[in-house]
Amino acid sequence: MQLYDVIIIGGGPAGLTAGIYTSRARLRTLLVEDFTLSPQVTTTFQIENYPGFPEGIGGLDLIERFKKQAKEFGVEFKQARVKNVERGLTSIKEIKIETESEVYNSLSLIIASGARPKELGVKGEKEFRGKGVSYCATCDGPFFRDREVVVIGGGDSAVKEALYLTRFVRKVTLLHRRDKLRATKILQERLFSEQKIDVRWDSVAEEILGREKVEGVRIINLKTKEKSVLSCDGVFIFAGLLPNTDFARGVVELDEKGYVVVDSRMRTSVEGIFACGDCRSTILRQVITACGDGAFAAFSAQEYVEQLKLQAPSTK
Ligand code: NAP
C-alpha cells in the first residue's frame, strides 16, 4: 500500500493551500475531499476582501484557481468521506485514514475539513429544505426572482447574502435575534441603505410554515413576546457554522464547540496531525486566514515528516 507523506482532509482554501505548499516541497501529498460538503467559500458569490482582486472574485472561481495550482504541483485528489483516523502501531508512526471504501496510510495528516451551516432546529426547517428553505443564496437566489424572502442571522453571511439576494427578489426581511448586528460595519452600512431590505430586530423564527413549499415564517419578538407571521416564498438561514470534525473526535483535542485545538504552528494535540482553516479553533474565519493556516500546517507537516525520515530512513 502506498505510504503518503501528507494526507490532507478537505478541499477548501486551507486544504488546497496546504497542498500547494507540501507538494511544492516535494512531499507525496493526497487530498481527500467529501463532495457532499462543498467548501463554504464556494457558496459565496463575490469575495471582495481577498487581496489582489480589487474587483472581487467569485468563490467558485477562486477555488478552481487554487485547485489548478495544487494539481500542477502534483497533489493527488480523491473524493471520499473520511470515517475514521487512527495512529498505526508500527515504529514509523503511520497514520491510518479510513474512508467508506479505502484505507490510506500517511506519515502526517492535515485536517482542513472546514465547517458547514448550522441548522436552527425549528419546525418546518427540515421538511421544507429544498422547498424554500436554503443555506446558500448563491445556489438558490435565482429561483426567487420577484419573490419575498426571509434571511435569518446577523453575521457577515446573513448580511452579505441578504444583499446578494436583492439582485433577484422583491423584498428581503432580515430576522435577527438581537438589536445589533454582528456583521462587519461596511456590510451593515450597505444593508441599511438598501431599500429592498427590512430588518426585524429582537426576533426569532418559531416555525416555517407552508403546505407543499414555504409560505411564511411564524416569528416572535423576544422583547415584546408578540407573535406574527411573515409571508414569504423562501427562508435563507445563516445562523453560523458547525465544524466538520466528527471523524476527529477522540483522536485530537477539540474545543467545546467541536473545533480542533491547535498551537500557532497548527499542531494538534497529537504528533503528526495538524489542522487549519475553518475547522480549527480561532476567532477569525476568512479565506485569507484559512490560506495562512494552510501554509503554516504544511510547513509544520514538512518539518515533522523530514524529521521522521531522518529517524526512520525506511520511510523514504
Ligand atoms: P456568525 O458570525 O457566527 O453569525 C451567526 C449569526 O446567526 C449571528 O448573528 C447569531 O446571532 C445568529 N444565530 C445563531 N444561532 C441562531 C439561532 N438559533 N437563532 C437565530 N439566530 C441565530 O456566522 P457567519 O455569519 O456564518 O460567519 C461565520 C464566519 O465566517 C465568521 O467568522 C465571519 O466573519 C466569516 N464570514 C466572513 C465573510 C466576509 O465577507 N468577510 C462572509 C461570510 C462569513 P448573535 O449575533 O446574536 O450571536
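Reading the values: rules and limits
Residues numbered from 1 in each chain as written. Predicted model: local features only at pLDDT ≥ 70, side-chain atom pairs only at ≥ 80, totals over all residues. Heavy atoms only, no water. Core = buried A, V, L, I, M, F, W, Y, C linked by side-chain atoms within 4.5 Å. Buried < 20%, exposed > 50% of the residue type's maximum accessible area, 1.4 Å probe, protein only. Helix = DSSP H or I, 4+ residues; strand = E, 2+ residues; numbered from the N terminus. Axes fitted to C-alpha atoms, helices over the stretch in contact; angles between N-to-C directions. Parallel < 35°, antiparallel > 145°, perpendicular 65-115°, else oblique. Left-handed = near helix turned anticlockwise from the far one by under 90°. Contact = heavy atoms within 4.5 Å. Nonpolar A, V, L, I, M, F, W, Y, C, P; charged D, E, K, R; others polar. Near = heavy atom within 4 Å. Polar contact = N/O pair within 3.5 Å; in protein donor to acceptor, adjacent residues only side chain to side chain.

Novice: Can you walk me through the nonpolar core in this structure?
Specialist: Within soluble globular proteins, side chains that are nonpolar tend to cluster in buried spots. Ranked by size, the top nonpolar core spans 56 residues in total, and within it Ile7, Val85, Leu109, Ile110, Ile111, Val252 and Ile273 carry the most contacts. Looking at this core, the element that brings in the most residues is helix 6 (residues 287-311), giving nine residues. Listed in part, the 22 residues of the second largest apolar core include Val149, Leu163, Val172 and Val199.

Novice: Teacher, can you tell me more about the packing of helix 1 (residues 13-24) against helix 2 (residues 59-73) here?
Specialist: Geometry of a packed helix pair, given as the angle between the helix axes and the separation of the axes. Running from N to C, helix 1 and helix 2 point in directions that differ by 20 degrees, and their axes come no closer than 8 Å. By the criterion of interaxial angle, the relationship of helix 1 to helix 2 is roughly parallel. Viewed along their axes, helix 1 and helix 2 form a crossing whose handedness is left-handed. Between helix 1 and helix 2, the contacting residues are Pro13, Leu16, Thr17, Ile20, Ser23 and Arg24 on the first element and Ile63, Phe66, Lys67, Gln69, Ala70 and Phe73 on the second. For the contact of helix 1 with helix 2, the class distribution of residues is seven nonpolar, three polar and two charged.

Novice: Help me out: how do you make sense of the site of the ligand in this one?
Specialist: Taken together, the neighbourhood of the ligand is formed by 19 residues, with Asp156, Ser157, Arg178, Arg182 and Gln286 sitting nearest. For the ligand, an oxygen atom lies 3.5 Å from a polar atom in the side chain of Lys160. A distance of 2.6 Å is found between an oxygen atom of the ligand and a side-chain nitrogen or oxygen belonging to Arg182. Take the shell around the ligand: its biggest share by element is three residues, from helix 4 (residues 156-165).

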